[in-house]
Amino acid sequence: MTMTDSPPAADTALAATSPRVVGLFDALTTTDHKRIGRLWLRAGLLGLLAATLVGVVLTIENSNSSPDDVFGGVNNYFQYLSLHRFGLVLLVAAPLFVGLATVVVPMQVGATNIAFPRAAHGAVWLFMIGAVITVVSVLSGGGWGALDGVNGTERDAIALTLVGTGLVIVSLLAASVCVATTVVSLRTSGMNLMRVPLFAWSMLVATGVWLLTLPVALSNLVLVYFDLRGGPGTFGDAQGSDAIYSQIAWLVEQPQIYAFAIPVLGVLGTIAPVVAKRRHAQHVIAVALIGLFGLLSVGGWSQPWFQGSNYDEKFVFIVFGLFAAVPVLGSIGAAADTIVGRASAGDPDSDASAGGESGLAGLSSVHGLGAIGAALLLLAGTVAGLARVIQPWDLGDRTTVTSVMNLVLFSAVAAAIAGIWFWAPKIAGHELAVSTGRLVMLDIVAGAVLLGGADFVSGFLEAPAFGYRVVGSSASLMAEPSNQSLIEVLNVVGAIGAVLIALGVLGVFAAMAKAMRSSEVVDDNPYGGQTLEWTTSSPPPPGNFSEPPGRVVSEAPLLDTVNENGEEA
Amino acid sequence: MFTTGFKFFFGIGMALATGAVFYGYTTGGNHMGPLSMGWKGGIGEHLGYSLLLGLGVAAMTVALFLVFFRDADPAAQAHYMGVEQIPTNDLVTASFWPVVGAFGVGAMAIGLVLHTAVFVTGLIICGVVAIEWLMDAWADRATGDPEANRALRNRVMAPIEIPALGAAIAALGVLATSRILLATSKLGSVVVAGVVSVLILGIAVLFARKTQINKNILAGSVLLLAVAVLVGGVVATVTGERDFHPHEVHEDEYEGTGSEGGH
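As the structure is a prediction and not an experimental result, all values here were calculated from the model.

Reading the values: rules and limits
- Residues numbered from 1 in each chain as written.
- Chains lettered and ligands numbered in written order.
- Predicted model: local features only at pLDDT ≥ 70, side-chain atom pairs only at ≥ 80, totals over all residues.
- Heavy atoms only, no water.
- Helix = DSSP H or I, 4+ residues; strand = E, 2+ residues; numbered from the N terminus.
- Buried < 20%, exposed > 50% of the residue type's maximum accessible area, 1.4 Å probe, protein only.
- Contact = heavy atoms within 4.5 Å.
- Areas by Shrake-Rupley, 256 points an atom, 1.4 Å probe, with all protein chains shown as cover.
- Phe/Tyr/Trp six-rings, centres within 6.5 Å; stacked < 30°, edge-to-face > 60°.
- Lys NZ or Arg CZ within 6 Å of the ring centre and 35° of its normal.
- Axes fitted to C-alpha atoms, helices over the stretch in contact; angles between N-to-C directions.
- Parallel < 35°, antiparallel > 145°, perpendicular 65-115°, else oblique.
- Left-handed = near helix turned anticlockwise from the far one by under 90°.
- Nonpolar A, V, L, I, M, F, W, Y, C, P; charged D, E, K, R; others polar.
- 1 Å grid on protein atoms, 1.4 Å probe; cavity = no way out; pocket = protein on both sides within 12 Å on 5 of 7 lines; lining within 4 Å.
- Points joined across faces, edges and corners; volume = space filled by probe spheres on them.
- Expected span 1.5 Å × (residues − 1).
- Polar contact = N/O pair within 3.5 Å; in protein donor to acceptor, adjacent residues only side chain to side chain.
- Patch = residues over 30% accessible without salt bridge, like charges linked within 9 Å, V, L, I, M, F, W, Y side chains within 5 Å.
- Salt bridge = Lys/Arg side-chain N within 4 Å of Asp/Glu carboxyl O.
- Core = buried A, V, L, I, M, F, W, Y, C linked by side-chain atoms within 4.5 Å.
- pLDDT = per-residue confidence, 0-100.

## Remarks on the overall build of chain A
Of the regular secondary structure elements, chain A holds 19 helices and 0 strands. Taken over 569 residues, chain A has a buried fraction of 62%. Taking contacts inside chain A between residues at least 6 apart in sequence as the whole, the part at least 24 apart equals 81%. Carbon and sulfur atoms provide 62% of the accessible area of chain A, an area that totals close to 19,500 Å².

Here it is in structure tokens:
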């Protein structure tokens, strides 16, 4: 047996020596980050489709007066509501961003592949297995607790839901390690942390926060599981209780909910300079603001298990809520400065200033619309969160909580879809339809505004957080509010918003189906991108780059002029 | 000397730690409490103090790691490794062990709730995957030639893998098929046995005649067959065995044995 100690040559391309097999076999064995990322994206989009359809039914049910219309009782309603909430976070927002990052981040930092590609591949399949177990167990009578107490037959199904949720979290943690390690240790020559593209930076911050906080959720689940299977029954056997749900409800509430929208600022920061056709005007500030937003989105500590039921009255919780809007507002300001502020300054790197454009023209692009719309939704969500922590208003048990969740999560969805449109040439090798894309973005943003806005106003009218008025049911969550008729009108508005979002999501699938049939050749850099992923072909080859990227000297390498010695000319 | 990453995270860490001390004193901390983490005096409000200090210490730890690894800057890494360019990771070969591992973890999780046997099966699968994964990772770095690496790996592992895989497939097939045979009616069990036999024969003939089989068809067939057998086995286990009617025992059958019991 003969072995060598020398490392493999950097330019040895695996694809050149082994025939490429596509299809099911490739999906089961691949270590190519683009293929793995596409699996994440497909899983996330399927989850999005299911979640939005369940959301439509929930809002329609919510505008009725009887709990038996669709779900056959308040307990079933509770199960689907909790599935919708946890699903939007764990089965939609997180996998969509992980998918985008798995495809794009390695190319953005000039790497040939993601770090730990086998672990990344295992993670996506573990995610799918966990997601299937979670959904099937909820449909089989499981879920995160039962309002009418846990009976014998429900116990196993609920345990399976907890186990499935745990698997999903473990898979997200594994994927987070891969993405974060890629940004930290696989950057190309010259790319220090301040030169990392903003989307990659935002994913580093987001995955860092997930790695800090999701294990807390996992611990909650383990605790509840053992309690359910053989412990004192503190959470499961309480009659008419949502005790299990309450243990991990912090995942869908502020500040943790913001952690799943950190990449929104990264998408905005990456797309704004492309739209403006000039460098980001405040790159360093944007880096700091994304870091600050990550810091203010660390959750896990704000839960009843640690703090008691009045955890949201603590000073730190209030401070987090008050300041979360600041980095979002700052990021939007920095993007606006990039797009409109520097046109007259004669920026030497600016295509737009040379042509006399302000950069606003690029906002009509799908990615421009999506990035700005998503950022504004996130701003609305953090402002709603600010209102929620103002104690005299007492909005903690009201639909304001739902409003924050919907606005923040659909900002994440809008940003992810904007990212899919923007990076489609690199993800799948084709562009997605512009006209459909604009409709999709308008649908989703408008729908989220209606859905979140209606809940926000309902909160001031004392509508309960679970949004349900129990008539003639044995289980009751909250007393019926006094402004019932007005709340019902707002519920209809929310239902219209949910329908709009669902139409937008269907539009995404339509655009993808259309693009798959297209044989049109796509430019390597159709939008004037400034980061390294746009230096390679569309779709990128195995190994991403035909030759290693040169030394990077700024955050926008494609705008740099570099001489042979790697020095800026 | 100090890298950008170090400065960034150390700055955050110091700001948070200072904030924790300030917060401690303004919320009831006394003497040296907030400075000594509660050793000499009270720290004030526990949650805010712990959170701020915890995040501060975490940020400073990250800062130390970053300065130690020079922000993971590729040029600095290459300098310390004494090479011109750090090795890339594009030689990681395709492998189905991650998928098998994911199914193993899934089986463990389901087994935790439903049945110990399923849990143990998942555990065994995870153990096997761990070994295979290690071998793949070793082989990927053995030489600079992917073909040579693959041949090397197969030379070490194939003599173990092929018999073990054959035995496992045979055992699983026999176990699952036996459950199905026990759960179905007499006629049904004959039909199932016939179909399984024909399938085995057909697949064997297919393999014998075709030297090159499309990998997608192969993967799909194996996946389909495995799912069918497993689902059938699980459903049959849940359904339970059919009622058996044992032969009546006649005393004359046991003449000369001198025993009243059965065999």
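## Brief notes about the packing of aromatic side chains
Summed over all chains, the structure comprises 21 aromatic pairs over all chains. Judged by centre distance (5.0 Å) and plane angle (65°), the ring pair of Phe422 of chain A and Trp423 of chain A falls under edge-to-face. For Phe422 of chain A, a relative accessible area of 0% puts it in the buried group. A relative accessible area of 0% means that Trp423 of chain A is categorised as buried. Here the aromatic residues Phe199, Phe422, Trp423, Tyr527 and Trp534 of chain A are joined through ring pairs into a cluster of three or more. For the cation-ring pair, Lys40 of chain B lies above Trp39 of chain B, with the distance from its terminal atom to the ring centre recorded as 4.8 Å.

## What to know about the packing of helix α4 (residues 74–108) of chain A against helix α17 (residues 400–427) of chain A
Residues and elements named next belong to chain A. It is the contact of α4 with α17, at a shortest axis distance of 10 Å, that shows an interaxial angle of 30°. The orientation of α4 with respect to α17, classified from their angle, is roughly parallel. In this structure, α4 crosses over α17, and the sense of that crossing is left-handed. Partitioned by chemical class, the residues of the contact of α4 with α17 number 20 nonpolar, 4 polar and 2 charged.

## Description of empty space enclosed by the protein
Residues and elements named next belong to chain A. Taken as a whole, this structure holds 8 cavities of 30 Å³ or more when the rule is applied. Of the volumes computed, that of the largest cavity is approximately 300 Å³. Along its surface, the largest cavity is lined by 25 residues, and Thr59, Thr402, Asn406, Leu451 and Asp455 are the ones closest to its centre. Considering every element that reaches the lining of the largest cavity, the biggest residue donor is helix α3 (residues 33–62), with 6 residues. Split into classes, the residues belonging to the lining of the largest cavity amount to 12 nonpolar, 11 polar and 2 charged. Considering only enclosed or pocket space, the second largest cavity measures out at about 140 Å³ in volume. At 4 residues, helix α10 (residues 262–276) tops the list of elements feeding residues into the lining of the second largest cavity. Its residues assigned to classes, the lining of the second largest cavity shows 7 nonpolar, 6 polar and 2 charged.

## Section: helix α2 (residues 46–68) of chain B
The end-to-end C-alpha separation of α2 of chain B is 32 Å, in line with the 33 Å expected for 23 residues at 1.5 Å each. Buried positions along α2 of chain B lie against α11 (283–295), α12 (304–307) and α13 (315–323) of chain A together with α1 (4–26) of chain B. The distance from a side-chain oxygen at the start of α2 of chain B to the backbone nitrogen of Leu47 of chain B is 3.4 Å, and the residue carrying that oxygen is Glu45 of chain B. Two residues or fewer after α2 of chain B comes Arg70 of chain B, characterised by a positive phi angle close to 55°.

## A look at a nonpolar patch on the surface
Residue and element names in this part refer to chain B. Side chains of Leu187, Val191, Val195, Leu199, Ile203, Phe207, Leu218, Val222 and Leu225 sit close together on the surface and give an oily, nonpolar patch of about 780 Å² of accessible area. If you list the elements that add at least two residues to the nonpolar patch, you get α7 (186–209) and α8 (215–239). The dominant element in the nonpolar patch, judged by the number of residues it contributes, is α7, at 6 residues. Structurally, the position occupied by Val222 is in helix α8.

## Observations regarding the nonpolar core
Core analysis: the largest hydrophobic core is formed by 167 residues, its most contacted members being Trp40, Trp144, Leu162, Phe199, Leu251, Ile257 and Ile417 of chain A. For this core, the element with the highest residue contribution is α4 of chain A, accounting for 20 residues. Counting residues in each nonpolar core, the second largest holds 13 residues, with Tyr311 of chain A together with Tyr23, Leu51 and Leu55 of chain B among its members.

## Describing the pattern of salt bridges
What the rule picks out here adds up to 10 salt bridges over all chains. The residue Arg229 of chain A makes a salt bridge to Asp156 of chain A at a minimum N-O spacing of 2.7 Å. On the criterion of sequence distance, the pair formed by Arg229 of chain A in helix α7 (residues 198–230) and Asp156 of chain A in helix α6 (residues 152–185) is long-range, its members being 73 residues apart. For Glu132 of chain B, the salt bridge goes to Arg153 of chain B, with nearest N and O atoms at 2.7 Å. Note that Glu132 of chain B is positioned in helix α5 (residues 116–140) and Arg153 of chain B in helix α6 (residues 146–183), a separation of 21 residues in sequence. Neither residue differs from the other here; Glu132 of chain B and Arg153 of chain B are each classed as buried. Linked through salt bridges whose partners overlap, the residues forming this network are Glu132, Asp136, Arg153 and Glu161 of chain B.

## Here we look at the layout of surface pockets
Within this model, the second largest pocket holds a volume of roughly 890 Å³. If you trace the second largest pocket, you find 33 residues lining it, with Leu204, Val205 and Gly208 of chain A together with Phe9 and Val62 of chain B closest to the centre. Secondary structure elements with two or more residues in the lining of the second largest pocket: α6, α7 and α11 of chain A together with α1 and α2 of chain B. Looking at the lining of the second largest pocket, the element that brings in the most residues is α7 of chain A, giving 7 residues. Here the residues of the lining of the second largest pocket are counted per class, giving 26 nonpolar, 6 polar and 1 charged.

## What about the packing of helix α16 (residues 366–388) of chain A against α17 of chain A?
Residue and element names in this part refer to chain A. Where α16 contacts α17, the axes come no closer than 8 Å and their chain directions differ by 165°. With respect to their mutual orientation, α16 and α17 come out roughly antiparallel. When the axes of α16 and α17 are compared, the crossing they make is left-handed. A class-by-class count of the residues in the contact of α16 with α17 yields 17 nonpolar, 7 polar and 1 charged.

## As for the confidence of the model for chain A
Residue and element names in this part refer to chain A. On average, residues of chain A score 84 in pLDDT, and 85% of them reach the 70 mark or higher. A low-confidence stretch, residues 1–21 stays under pLDDT 50, and its non-local contacts, those more than four residues away or across chains, total 33 contacts. Note on residues 352–356: pLDDT is under 50 here. Beyond four places in sequence and across chains, it has 9 contacts.

## With respect to the confidence of the model for chain B
Residue and element names in this part refer to chain B. Of all residues in chain B, 78% attain a pLDDT of 70 or more, and the chain-wide mean is 79. The lowest-confidence element of chain B is helix α3 (residues 74–81), averaging 64 in pLDDT; the highest-confidence one is helix α4 (residues 97–113), averaging 90. Predicted confidence is poor over residues 256–263, with pLDDT under 50, and the contacts of this stretch with residues over four places away or in other chains come to 4 contacts.

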